[in-house]
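A look at the structure
Take a look at the letters that make up each chain.
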Amino acid sequence: MAKLIYVTNTSLDGYIEDSRGAFNLYPHNDAVFAAQTGLIRSVGTLLYGRRLYQSMAPWETDAALAAQSSLTADFASAWQAADKVVYSTTLAAAPTTRTRLEGRLDPASVRDMKAAATSDLTVGGAHLAAQAFAARLVDECQLFVWPWILGGGKPGLPSGTRAELELLDEHRFGNGVVHLRYRIRA
């Protein structure tokens, strides 16, 4: 059975966006970007909340992003190759291919996707991830922890949910970012 992996960038104090709602907080770093591209390339399906999906869709709809460098071209290729499921009650249509809209997260449907998948799935967007954690759908958590303190904003991990984690891997990048990979213990 495929795993559902929660992936996010977070500040050292645990926020994925600041108190103004900005989430494009961190400077570009080639090594971190390449690692994130490798992670996207390794999965077959991306589960997104509406807001995160809308911020990612330009990787398909704006050719100028891919044209910036070989790294951005590689990321665009990996992102476009994945199936996307977007959970939204407000989007009427998706501007990207390989994208399906769903009104809400249905735990049984996600379990079916995991059972049928030949590669892992990711979940992104704090609100959607919180629902997946609450439904005990998340098998692994991968955090890219940036050496910043934001002091407030939207937390990267859900409140009110308790889970025991087992550290599977860690990697420190030259810019101080630490990639932490945890398994959620049953």
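Everything below is about the structure shown above.
The text that follows walks through the structure, step by step, so that each part is easy to find. Nothing here was measured: the structure is a model prediction, and the numbers come from that model.

Observations regarding the pairing of strand β6 (residues 121-124)
- On β6, burial covers both faces: L121 and V123 on one face and T122 and G124 on the other are all buried.
- Here strand β1 (residues 4-11) pairs with β6 via three bridges, running parallel. For L4, the partnering residue across the bridge sits in β6 and is L121.
- When strand β3 (residues 45-49) meets β6, the two strands line up parallel, connected through four bridges. Each bridged residue has a counterpart across the sheet, and for L47 the counterpart in β6 is V123.

Considering the pairing of strand β4 (residues 83-87)
- With four of five residues buried, β4 lies mostly within the body of the structure.
- Examined bridge by bridge, β3 and β4 share five bridges and lie parallel to one another. Each bridged residue has a counterpart across the sheet, and for L46 the counterpart in β4 is K84.

Considerations on the pattern of salt bridges
- Counted under the stated rule, the structure contains 13 salt bridges.
- For E102, the salt bridge identified is with R100, shortest N-O distance 2.8 Å.
- Look at E102 and you get partly exposed, because its relative accessible area is 28%.
- Relative accessible area serves as the criterion here: at 38%, R100 is assigned to the partly exposed category.
- For E166, the salt bridge is made with R183, and the minimal N-O distance between the two is 3.2 Å.

Comments concerning the environment of V86
- Inspection of the secondary structure assignment puts V86 in strand β4.
- C-alpha separation for the pair V86 and L167, spaced 81 residues apart in sequence, amounts to 29 Å.
- Ignoring any residue separated from it by four or fewer positions in sequence, one finds V86 in contact with Y48, G49, R50, Y53, L91, T99, R100, L101 and E102.

Cut-offs and rules
Residues numbered from 1 in each chain as written. Predicted model: local features only at pLDDT ≥ 70, side-chain atom pairs only at ≥ 80, totals over all residues. Heavy atoms only, no water. Buried < 20%, exposed > 50% of the residue type's maximum accessible area, 1.4 Å probe, protein only. Helix = DSSP H or I, 4+ residues; strand = E, 2+ residues; numbered from the N terminus. Pairing = 2+ DSSP bridges. Salt bridge = Lys/Arg side-chain N within 4 Å of Asp/Glu carboxyl O. Contact = heavy atoms within 4.5 Å.

Interpretation note: all reported values are geometric properties and have no functional meaning in isolation.
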